[in-house]
Each structure stands twice: as C-alpha cells, then as structure tokens.
Amino acid sequence: MHVFLRLGAAAAALAALAAQRLRKPPPEIQYDVIVVGGGVMGVWSAIAAARQNKTVCLVEKYTEGHARGSSHGDGRIYRFAYADEIYVDMMYLSLSYWGELNNATTKVLAHTGGVSLYSGQGGNYDSHGGLDDLIKIYKKRGLAHEKLSRKKLKERFPQFSAPKNTTALYQPDFGVLFADVAMARAYDLARKLKVDVREGSDVVSVKRRADRVEVRLGTKERIMGRSCIVAPGAWLTSTAKKWFNLHVPTTVTRETVSYFKPRGSKAVYGYKRMPVFISDLHNGLGDLGYYGIPVVETPGVKVAAHHVGAVLDDKALRTHNGTGDPAIISSNERFVASFFPGLEATPFRSESCLYTTTPDYHYVLDKVPGAGAPVILAGGGSGHAFKMGPAIGDAAAALALGAKPPFSLETFRLDRPALR
C-alpha cells in the first residue's frame, strides 16, 4: 500500500515538473504605458506619456478620427465660461497645447470671441453658471468681458436678432476648435513622438498584475505595460464593470446638431466675423439650453439643443448610425427662428454624436482602486471635454507614471458622492 502511494506521489511530481517546463514564461513588458481608446482623451494621454520619453502603445478599436464616438465633427466651442474654476485652469493648459498644433498651412483653432445669452427664463447650461456667476469668475481671473443689451448685441454682431429680455455677456477669448483637423494633427504628433498606434484593434480584457498590466486583443495577442490608461468613451460604464468590477454610473445619449445655411453672404456668418454662442433659452426638451458655432467647413451655422438626446443602451450603441433626432431638429429650428432670421428656417443637414455623462457632469479621472500596477480611468466628459483633451491627457499620464498631476483631481475622483 505504501509503495503504491510513494509511486503515485512521484508520478504526480514528475507530471507537475513536466508541465512547468512546458509552461511559457510570462510575456516581457513591452511598453511603459498602454492607452486603450483613441478618442481625444486617449490620444492626448499617449502624447503626454511619450513626451516623458516613455514607450507608449495607443490601441483604438476603430480608426483614427472615426465618427462612432464623440471626438469627431466640424467644430467645437472652447470657452472660459465656467462657474467651476478648475475648468478655467484646464482650459488655459489645453489652449497652450492646441496652439502648438497650429501652423501656417493648417489651422486647428480660431479665436472668435463668444457670447453667453441669458433670456431671463431661469434656464441653465451645465457648469456654465448664471450671468452673475460668470462676471464674478471673469473679474477674479482677470478675463476681459462686456455686458451687452439686446440692442448693443445687434450693433456689435448683426447676425443676432435676440428676443426681448435677452442679455448677452461677451468674452473675447472664446473660440472654435476644428475637431476633425485637431484630431488628425494630434495623431500626427503622437506618431512623431514614436507612439505605437494600433488602429482596428479590439481590446477584450485589461488585467492588472503586481508589476504589469496585461492587455489582450481580439486577435489573442497580449501586450504588456507597466501601466495602462483606459479612455473608452461611451463604453465607460460597461468597460469598468467588465474589466474591474467597478460601478461608474454614466448616461450615454445620442445628441443632434443641425446646420443652417445663411440666406445671404456666408462670410457674415463665418468664424472670422461671428462669435460662438451659448444660450440658456429653454429648448422645450430639457433645461440646459443651446450652443452654436459659426460657419467653419460645413457651409452652415451649427446649432444644437444641449443634453436632450435619447438614452442609449449597449445594444443601441452598437447600431448607432449618426442620424439626427426629429424632435431635436425641431427644437434647433425654434432657436434659429428666435435668434437668427438671416438663416434658412430648416437645416440642410443634421447629424448625431454621443455624449457620455456622469450624474454631476464632471469627468472621471482617477486610478482604479486596488493593488497592482496602475490603471487609470478617463471619461465621462462628453458635451464639454473635447477642448480640454490635452489637460485631461496630461493628468492621466501623470497618474500612470506616478507623477504629480498639473491640477487638482479632487473633482474627478471615482469615490466622490455623485458616483457612489
């Protein structure tokens, strides 16, 4: 009996030794930082890490500049109209980076000035704040501004014919980012900095080990990094749950923008002569007003009711096709009828994009809790994050590399009450 036991134990030991010899060693670390998600947050995170002389891999499920998320389009407003000063700080930082991408042949941004339009209806505009809030911030930060009556607004900017009881607050440092061009130039910079850009690569898992992060692709390839930044856009909630068992509540909506042709000269409504604008006028679908951009490349003024789109689940996300919502288009038409009689009454084009929004409208920018190599989550900023992509990227890279972020991240923590 004891002989058989000894023989069995010896056989088991030999089998274990053979299996150990056949087992492959763990893959070597290939990158200092792996970035999952190639939207505006992801590409600027990759740029920031590469600027620190780190090896970086940027993995994007689709292709550079694709239209299935939130980082594409004709133009985006940049503004300092925030009641929360942290966003003013982030805007200053981001503008310095966007400005570096401008050159003699390719324009990434243009200073247009901007007007915040107050109707007296008691509306809101996410963290934009009320008229008095903005004046207070502008004075504190030394930002030039001018309060304009309805008549003065018309004299300064004849494109506007505001309804009665409208007060405008003009701020000359607003402008427009040419989104598609800006993303293309950011990718050019990433490649120039030797970022390994992998387009058309579906990430199926991100697993954190003690000293490394393993990212597994749909091709069954595994890439290893010392740290990882996950910027999944509209898939933030499902990704955080699936990969990290972490509840990050967000709402994904399909928003609609419309383009209205000028009845007369297009140049009058172009970005060289017309400011960007934000309005608290109630849009009939929600209480966050409207925003708009003068003519950039698409030959029309862009107008959109803000944060009123239909909520999408994961299934609807997969079939999102970019078409506009008739109810939002009608709301956009009502705004044009009230403010812009010089534009055609109906848009010649409407399209949709995705907003990924947290309950308090603030971003997510924090380390995934737990032991092991650092994994950073970045997202939840649709509606007002594109312009701050460079600042978000700087902070995400700092967290991944164990450095001090360039601004306080307290507002964006994963454990803040709004997310709990």
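Now for a quick tour of the structure.

Cut-offs used in this document
- Residues numbered from 1 in each chain as written.
- Predicted model: local features only at pLDDT ≥ 70, side-chain atom pairs only at ≥ 80, totals over all residues.
- Heavy atoms only, no water.
- Salt bridge = Lys/Arg side-chain N within 4 Å of Asp/Glu carboxyl O.
- Helix = DSSP H or I, 4+ residues; strand = E, 2+ residues; numbered from the N terminus.
- Buried < 20%, exposed > 50% of the residue type's maximum accessible area, 1.4 Å probe, protein only.
- Lys, Arg positive; Asp, Glu negative; His and termini not counted.
- Polar contact = N/O pair within 3.5 Å; in protein donor to acceptor, adjacent residues only side chain to side chain.
- Contact = heavy atoms within 4.5 Å.
- Phe/Tyr/Trp six-rings, centres within 6.5 Å; stacked < 30°, edge-to-face > 60°.
- Lys NZ or Arg CZ within 6 Å of the ring centre and 35° of its normal.
- Pairing = 2+ DSSP bridges.
- Axes fitted to C-alpha atoms, helices over the stretch in contact; angles between N-to-C directions.

## Remarks on the pattern of salt bridges
(1) Moving on: Enumeration over the complete set of coordinates arrives at 17 salt bridges.
(2) Moving on: The network of salt bridges with shared partners includes Glu 85, Asp 89, Lys 140 and Arg 141.

## Topic: the side chain of Lys 302
(1) Moving on: Along the chain, Lys 302 falls in strand 16 (residues 301-305).
(2) Moving on: The charged side chain of Lys 302 is buried without a salt bridge, its nearest counter-charge being Glu 351 at 6.3 Å.
(3) Moving on: Of note is the side chain of Lys 302, whose polar atom sits 2.9 Å from the backbone oxygen of Gly 75.
(4) Moving on: Those residues in contact with Lys 302 that sit more than four places away from it in its chain are Gly 75, Arg 76, Val 257, Ser 258, Tyr 259, Phe 277, Tyr 291, Gly 292 and Ile 293.

## Some thoughts on the side chain of Ser 227
(1) Moving on: In this structure, Ser 227 sits in strand 12 (residues 222-230).
(2) Moving on: Owing to a relative accessible area of 1%, Ser 227 belongs among the buried residues under this scheme.
(3) Moving on: Within the local environment of Ser 227, its side chain forms a polar contact with the backbone oxygen of Asp 32, the two atoms lying 3.1 Å apart.
(4) Moving on: With residues up to four places along the chain from it excluded, the contact list for Ser 227 reads Asp 32, Val 33, Ile 34, Val 213, Pro 374 and Ala 400.

## Topic: the packing of aromatic side chains
(1) Moving on: Under the criterion given, the structure shown has 20 aromatic pairs.
(2) Moving on: Judged by centre distance (4.8 Å) and plane angle (50 degrees), the rings of Phe 80 and Tyr 92 are tilted. A residue pair is termed long-range when its members are at least 10 positions apart, and Phe 80 in the loop between strand 3 (76-78) and helix 3 (85-101) and Tyr 92 in helix 3 qualify at 12 residues.
(3) Moving on: Of the residues examined, Phe 80 reaches a relative accessible area of 2% and is grouped as buried.
(4) Moving on: On the basis of relative accessibility, which here comes to 39%, the residue Tyr 92 falls in the partly exposed class.
(5) Moving on: Among the aromatic residues, those joined into a cluster by ring pairs are Phe 160, Phe 277, Tyr 290, Phe 335, Phe 339 and Phe 340.
(6) Moving on: Positioned above the aromatic ring of Tyr 170, the side-chain terminus of Arg 156 is 5.5 Å from the ring centre.
(7) Moving on: Its guanidinium or amino end placed over the ring of Tyr 259, Arg 349 lies 5.4 Å from that ring's centre, counting from NZ or CZ.

## Observations concerning the environment of Tyr 271
(1) Moving on: The residue Tyr 271 is located in the loop between strand 13 (251-260) and strand 14 (276-279) in this model.
(2) Moving on: Spatially, the C-alpha atoms of Tyr 271 and His 111 are 8.3 Å apart, while their sequence positions differ by 160 residues.

## A short note on unusual backbone geometry
(1) Moving on: The phi dihedral of Lys 194 is positive, around 75 degrees, even though this residue is not glycine.
(2) Moving on: By the element assignment, Lys 194 lies in the loop between helix 6 (179-192) and strand 9 (196-199).
(3) Moving on: Taking relative accessible area as the criterion, Lys 194 reaches 72% and is therefore assigned exposed.

## With respect to the sheet that holds strand 8 (residues 175-177)
(1) Moving on: One open sheet holds the 3 strands; their spatial order is 3-8-4, and the pairing between them is antiparallel. Looking at which strands have only one partner, the edges of the open sheet turn out to be strand 3 and strand 4 (109-111). With direction set aside, neighbouring strand axes in the sheet form an average angle of 25 degrees.
(2) Moving on: Across 3 bridges, strand 4 lies against strand 8 in antiparallel orientation. The residue of strand 8 that forms the bridge with His 111 is Gly 175.
(3) Moving on: Packing against the sheet, helix 3 makes contact with strand 3, strand 4 and strand 8, and its axis sits at approximately 120 degrees to strand 4.

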